[in-house]
Every structure is written in structure tokens, then in C-alpha cells.
Amino acid sequence: MLKAIEDRIIIKPDKMSSSKLIIQDDNKNVVNQGVVKSIGDKVTLAQVGDYVVFHRFDELPLPLDDLIVVREKSLLGKYTK
């Protein structure tokens, strides 16, 4: 498993579901919410397993398991499933 460092957060984005609304970018077919898989040692606002919403244009896609990495300041909020 890839480990986040510093103020970075690794997220596995949600997939589209018919039971809920997910904000989506039609060009890339990627959503702006998901579950936290790893956090850096300076992250204070999220924990592994949290469901988060992040700023769509601050993400960096990773080729591993459809993961993305964002900085903690890109988080917009947390939600429960």
C-alpha cells in the first residue's frame, strides 16, 4: 500500500451509484469524493476510513488502484455513509 507523506492524503474516489448524487466531471468521469486510504504525518483533519469531499482541481491521479492524492487544504468536508 502506498503511504502518504507530510500533508497529503491518498483517496479512493467513489464510483457512480444510482442511489445517490455524486458531483462528476464529464470529461474525466471522476468524482470529487471518496474514502481516505492513507494520510501523511502532518494531517489533522482526516483519518483513514473517513469519507471526504475534496476540491476537484487539486487532485493528482495515481496509476495504482485508481487512487488520487490531495493536500489536506484541498478537503472541503467529511460525510457519513
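The following paragraphs examine the structure supplied in this document. This is a predicted model, so every value here is computed, not measured.

## Topic: the pattern of salt bridges
By the definition in use, this model includes six salt bridges. Between Arg-8 and Asp-7 there is a salt bridge, with its nearest N and O atoms 3.6 Å apart. Its relative accessible area of 25% is what places Arg-8 among the partly exposed residues. Classification of Asp-7 by relative accessible area gives partly exposed; the value is 21%. Close ionic contact of Arg-56 with Glu-59 constitutes a salt bridge, the shortest N to O distance being 3.0 Å. Residue Arg-56 is classed as buried on the basis of its relative accessible area of 12%. A single salt-bridge network, built from bridges that share partners, covers Asp-7, Arg-8 and Arg-71.

Reading the values: rules and limits
Residues numbered from 1 in each chain as written. Predicted model: local features only at pLDDT ≥ 70, side-chain atom pairs only at ≥ 80, totals over all residues. Heavy atoms only, no water. Salt bridge = Lys/Arg side-chain N within 4 Å of Asp/Glu carboxyl O. Buried < 20%, exposed > 50% of the residue type's maximum accessible area, 1.4 Å probe, protein only.

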